[in-house]
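Each chain, letter by letter, is given below.
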Amino acid sequence: MSLADRVKPYIRSLAPYVPGKPIEELERELGIRGSIKLASNENPLGPSPRAVEAMRAAAAEIHRYPDGASFVLRAALSKKLGVSGDQLVFGAGADEILELIAKTLMGEGDEVVYAWPSFAMYPIVVQGMGATGVAVPLTRDLVHDLDAMLAAIGPRTRVVMLCNPNNPTGTSVGAEAFDRFVAALPADVVLAVDEAYYEFVRRPDFPDAIALTARRPGTVILRTFSKIYGLAGIRIGYGICDRELASYLERARHPFNVNRLAEVAALAALEDDEHYRRTREINAQGAVYLGTELARLGIETWPTDANFLLARTGAEVYDALLSQGVIVRPMKGFGLPDHVRISIGLPEENERFIKALGGILSKRSAGGNATR
Ligand SMILES: Cc1ncc(COP(=O)(O)O)c(C=O)c1O
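Report on the accompanying structure. (Residues numbered from 1 in each chain as written. Predicted model: local features only at pLDDT ≥ 70, side-chain atom pairs only at ≥ 80, totals over all residues. Heavy atoms only, no water.)

### Let's talk about the pattern of salt bridges
Basically, it comes down to this: Any Lys or Arg side-chain nitrogen located within 4 Å of an Asp or Glu carboxyl oxygen qualifies as a salt bridge. Each residue gets one of three labels from its accessible area relative to the maximum for its type: buried under 20%, exposed over 50%, partly exposed in between, using a 1.4 Å probe on protein chains only. Where helices and strands are cited, they refer to DSSP runs of H or I of at least four residues and of E of at least two residues respectively, numbered from the N terminus.
Counted under the stated rule, the structure contains 14 salt bridges. The salt bridge involving R203 is made with D205; its shortest N-O contact spans 2.6 Å. Note on R203: relative accessible area 27%, which makes it partly exposed. Accessibility expressed as a relative area gives 35% for D205, which makes it partly exposed. In this structure, R277 and E281 form a salt bridge, with 3.1 Å as the shortest nitrogen-oxygen distance. Of this pair, R277 and E281 both sit in helix 13 (residues 273-296), four residues apart, which is roughly one turn of the helix.

What follows is the structure in structure tokens.
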């Protein structure tokens, strides 16, 4: 029997997640320097300086295992969110919370309902457990089709994923639609609301999913320190659940899954109101700037509540931007072949992107005219 024959068939047939490449690697490949990366929804301001300082101070202690209970961080976060400490589960990024949900609840024969296009890890994590993903297309406006998702739920459905705001579209579900959806959701289906971009939300009627954990057992919200807190590289995220679900996820968790530096960095970042405020501000301004400029260039975009936006630029624009050192995310793998996703950067990065795109588009229309 070959090794391949011994590997679980659903693992063997997995198409691995293709992450945005690190900037250093891309520059090496393309032989360019000074490029800008607007591809992975990171914080363009960098990490909170307080988080960097806290990690520096903790570096001398890394011969010790971390606090497996994340005691201090748990206390600070539970106070901030208004939930009890035993409703929180920490992981190496929201990715690990997703993995814990999968390990705890999904197996062969089970179904998991999610929208598509949505976060690329959902199908991978679901298939990785031998379960079956049921992908429900977004509406024409690229918003979750909640009625179709409800209709997709069957006796085998264990979990429904709701990515709000949705990656890669930036679109979001408001409180009214969310409440209607939740009211119609069978009680024995676990609801996982992925709020990786929660802190960037601008719409005033965004649902209060945390309140739901108090009245709906089998609810988990995913949050992360990778985005507004600028800690993507150190890997820390968390789940907020009802107590019972938290206790099961805790059983599936490895005791030292969150490292010592991540714990102190997250705590310091949580207390850095100024960094949080500036990030939100620069992102909101960038969203307006990019939306306006893309409209001026005749490019279709979608309303975003996140730190990125989806734009229908045409497929060839991705490579053309890349050759000018502007890295965005192509959306071909998401069934959106004409689209790119642009992470909102610093003002000068956004301007450089628009300038490069403008040049590419005017060349394209000049070329088009020549052939007519
Ligand atoms: C919707 C969504 N969920 C979860 C994650 C995972 O985030 P983390 O870096 O915390 O693992 C991401 C990362 O991009 C995301 O976009």
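### Some details on the sheet that holds strand 5 (residues 157-163)
Strand pairing in a sheet is mediated by backbone hydrogen bonds. Such pairs are either parallel or antiparallel. Under the convention used in this document: What makes two strands pair is DSSP finding at least two bridges between them. Simply put, an axis is a line fit to the C-alpha atoms, just over the touching stretch for a helix, and the angle between two N-to-C directions goes from 0 to 180 degrees. By definition, residues are in contact when any of their heavy atoms lie within 4.5 Å.
The strand order 2-8-7-6-5-3-4 describes an open sheet built from seven strands, whose pairing is mixed. Both edges of this open sheet fall to strand 2 (88-91) and strand 4 (132-137), since each of them pairs with a single strand only. Pairwise comparison of adjacent strand axes, ignoring direction, gives a mean angle of 20° for this sheet. In this sheet, strand 8 (residues 237-241) lies alongside strand 7 (residues 219-224) in antiparallel orientation, the contact comprising five bridges. Note on strand 8: the bridge partner recorded for R223 is Y238. Where helix 5 (residues 71-81) meets the sheet, its contacts fall on strand 2, strand 7 and strand 8, and the angle it forms with strand 2 comes to roughly 125°.

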